[in-house]
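# Structural description and commentary
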Amino acid sequence: MRTTRTAAAALLAAAALTVTAAGCSGSGGKDAENEPSSASGGGQPAATERMTVAMVTHSGEGDTFWDIVQSGAKAAAAKDNAEFLYAAHKEGKEQAQLIDSYVDKKVDGLIVTLAKPEAVKASVARAVAAGIPVVTINSGGRYSEAYGAIGHIGQDETVAGEAVGEELTARGRKKALCVIHEQGNVSLEERCAGVRKTFRGTVENLNVEGTNMPAATSSIEAKLQSRKDIDAVVTLGAPFAAASVKARGSAGSAAEIDTFDLNAAVVGQLKAGHIGFAVDQQPYLQGYLAVDGIWLHRENLNVIGGGKPVLTGPALVTKKDVPVLEELTARGTR
C-alpha cells in the first residue's frame, strides 16, 4: 500500500489517535434507517454517562462503502458507551430533514457528510445552535469549519485525485474517462478535477445514474465503444469498478480500470488483474474517529486534529497489497 507524501503523516497521526482514544476510554449502502449499535469485540464500555450519537450520510442504496463507515462507528460507540443511530438519503433536501429529526431528538452528537453542502447548511447550523457538537466526515471538508463543525475526518479529495493523475501518467496512460455517479456531489467533482490537474493526458468526465447500475454500465460501455482511444477508466466508488470491468468486456476495450474506494470485491478484482489500482480512504477510520471525537469532546473538550481536517487517505492499493487486505476486507473493516 502506497500513501501519497501529503497523506502519509496524517495517516500515521490518525492511527495514533485511534490507539490513544482506546486508552482514554478504558476499555451504506442501506436504506435510510435508525440503527442502534450492538456492542462488539472484547472489553467493557467506557464508564461514562450513556450518550447518543447520530450519523446522517448521502449514501445511495447498495453502496457498501457506508457499511464499512458504520462498522467503524459502531465499534467506537460500543467502546464509548454510546447508542449509534444511522440514517441516509442520496438527495440533499431529504438529508437535511434527517439532520433536523436528530436535532429534534436532542442527540448528544451529530456526524454528517457535506456532499451537497448548500442543501444541509441550515440544518447543520440548527444543530450547532442547539449545542450539539457536529463532526463532518468524508465529503465537503472545506465547508466544515465555516458550518460550525468541531472537525472533519476524511481524505482531501483534490489531493486524492492528483495522486490518481500522477499514477495514470506513471502507467503511460493517455486518455482517461472519469465516471461521476452522483451529479452535484462536490467531492466527486473535486476528484475528477484533481485527476485532470496532474494527469499529462486528457480527462473526460462521464455522468451516470449511480442508483441504476445496469444503466450506468450501459453508459460506460457506450462511451468505450465510441471512443477507442480511452485507455483508462477511473470510477469514483467501488461498486462502479465492477460495472466498468463488465462494460469494458462488452465494448471490446483494452482500457485499464482504476477506482476510488476499497471493498472485498475490489480486492478480488485486483487479485485477478481486472483492476489496476484502487484509492483507499479508510472508511472504517472515518466512522470510528468521528464517534470517538464526539465522545472525547464531550468528556474532555478534546478536538481531534486541533480543528483542522484529519486525513484518512489517500493510499494507492495494487495487486501486491492483496495478501494483507483480503482478510480485512472480508470482515468489513477495510
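Residues numbered from 1 in each chain as written. Predicted model: local features only at pLDDT ≥ 70, side-chain atom pairs only at ≥ 80, totals over all residues. Heavy atoms only, no water.

What follows is about the overall build of the protein chain. In terms of regular secondary structure, the protein chain is built from 12 helices and 13 strands. A total of 334 residues make up the protein chain; the buried ones form 57% of that total. (Helix = DSSP H or I, 4+ residues; strand = E, 2+ residues; numbered from the N terminus. Buried < 20%, exposed > 50% of the residue type's maximum accessible area, 1.4 Å probe, protein only.)

Under the definition given, this model contains 1 disulfide. In this model Cys 178 forms its disulfide with Cys 192; the gap between the sulfur atoms is 2.1 Å. Residues Cys 178 and Cys 192 are joined by a disulfide whose S-S torsion is about -85°; by sign, that bridge is left-handed. With Cys 178 in strand β7 (residues 175–180) and Cys 192 in helix α7 (residues 186–198), the pair connects residues that are 14 residues apart, well separated along the chain. Per residue, the accessibility class of Cys 178 equals that of Cys 192, and both read buried. (Disulfide = S-S within 2.5 Å.)

Going through the model one piece at a time under the given rule, you end up with 20 salt bridges. We note a salt bridge from Asp 100 to Arg 126, for which the minimum N-O separation is 3.6 Å. With Asp 100 in helix α3 (residues 92–104) and Arg 126 in helix α4 (residues 117–129), this residue pair connects regions lying 26 residues apart in the sequence. Residue classification places Asp 100 among the partly exposed positions, given a relative accessible area of 23%. Note that Asp 321 is salt-bridged to Lys 320, the shortest N-O span being 3.6 Å. A network of salt bridges, in which partner residues are shared, links Lys 175, Glu 204, Lys 223, Arg 227 and Asp 229. (Salt bridge = Lys/Arg side-chain N within 4 Å of Asp/Glu carboxyl O.)

A few words now on the environment of Pro 133. Note that Pro 133 resides in the loop between α4 and β5 (134–137). Judged by relative accessible area, which is 15%, Pro 133 ranks as buried. Here the alpha-carbon distance between Pro 133 and Ile 111, two residues 22 residues apart in the chain, equals 8.6 Å. Residues in contact with Pro 133, not counting those within four places in the same chain, are Asp 108, Gly 109, Leu 110, Ile 150, Ile 294 and His 297. (Contact = heavy atoms within 4.5 Å.)

Turning our attention to the layout of surface pockets. When its volume is computed, the largest pocket comes out at roughly 540 Å³. Contributing to the lining of the largest pocket are 32 residues, with Gly 60, His 181, Glu 182, Gly 210 and Phe 240 lying nearest its centre. Among the elements of the structure, α2 (65–79), α7 and α9 (238–251) are those that each provide at least two residues to the lining of the largest pocket. Here the element with the most residues in the lining of the largest pocket is α7; it accounts for 3 residues. (1 Å grid on protein atoms, 1.4 Å probe; cavity = no way out; pocket = protein on both sides within 12 Å on 5 of 7 lines; lining within 4 Å. Points joined across faces, edges and corners; volume = space filled by probe spheres on them.)

The 6 strands are arranged β3-β2-β4-β5-β6-β12 in an open sheet whose pairing can be described as parallel. Looking along the sheet, the strands with just one partner apiece sit at the ends: β3 (82–88) and β12 (310–311). As paired strands, strand β4 (residues 109–112) and β5 are joined by 3 bridges and run parallel to one another. Within β5, the residue paired with Ile 111 across the bridge is Val 135. (Pairing = 2+ DSSP bridges.)

Note the cis peptide between Gly 313 and Pro 314, where omega equals 10°. We note that Asn 138 has phi near 75°; this positive angle belongs to a residue other than glycine. In this fold, Asn 138 is placed in the loop between β5 and α5 (141–144). Residue class for Asn 138 comes out buried when judged on its relative accessible area of 6%. Backbone geometry places Gln 282, a non-glycine residue, at a positive phi of 55°. With respect to the element layout, Gln 282 can be found in the loop between β11 (278–280) and α11 (283–300). Gln 282 sits in the buried class, given a relative accessible area of 18%.

Membership of the largest hydrophobic core comes to 29 residues, with the highest contact counts inside it found for Val 53, Met 55, Phe 84, Ile 111, Ile 137, Ile 153 and Val 291. When residues in this core are grouped by element, the largest group, 8 residues, is from α11. Not counting residues within four places of it along the chain, the set of residues in contact with Met 55 comprises Val 69, Ala 73, Phe 84, Leu 85, Tyr 86, Ala 87, Tyr 102, Ile 111, Ile 137 and Gly 287. Among the nonpolar cores identified, the runner-up in size contains 25 residues, and Val 208, Val 233, Ala 241 and Ala 255 belong to it. (Core = buried A, V, L, I, M, F, W, Y, C linked by side-chain atoms within 4.5 Å.)

With that out of the way, let us pick up the packing of α2 against α11. One can describe the packing of α2 onto α11 by two numbers: an axis separation of 7 Å at closest approach and a directional angle of 35°. α11 is crossed by α2, and the crossing has right-handed handedness. When α2 is examined against α11, the residues Phe 65, Ile 68, Val 69, Ser 71, Gly 72, Ala 73, Ala 75, Ala 76, Ala 77 and Lys 79 are found in contact with a partner set consisting of Pro 283, Tyr 284, Gln 286, Gly 287, Tyr 288, Val 291 and Asp 292. Each residue belonging to the contact of α2 with α11 can be placed in one class, and the counts come to 11 nonpolar, 4 polar and 2 charged. (Axes fitted to C-alpha atoms, helices over the stretch in contact; angles between N-to-C directions. Left-handed = near helix turned anticlockwise from the far one by under 90°. Nonpolar A, V, L, I, M, F, W, Y, C, P; charged D, E, K, R; others polar.)

This paragraph deals with the confidence of the model for the protein chain. Residue-level pLDDT values for the protein chain average 89, and 87% of them are 70 or greater. In the model, residues 5–41 has pLDDT below 50 throughout and makes 84 contacts with residues more than four positions away in sequence or in other chains. (pLDDT = per-residue confidence, 0-100.)

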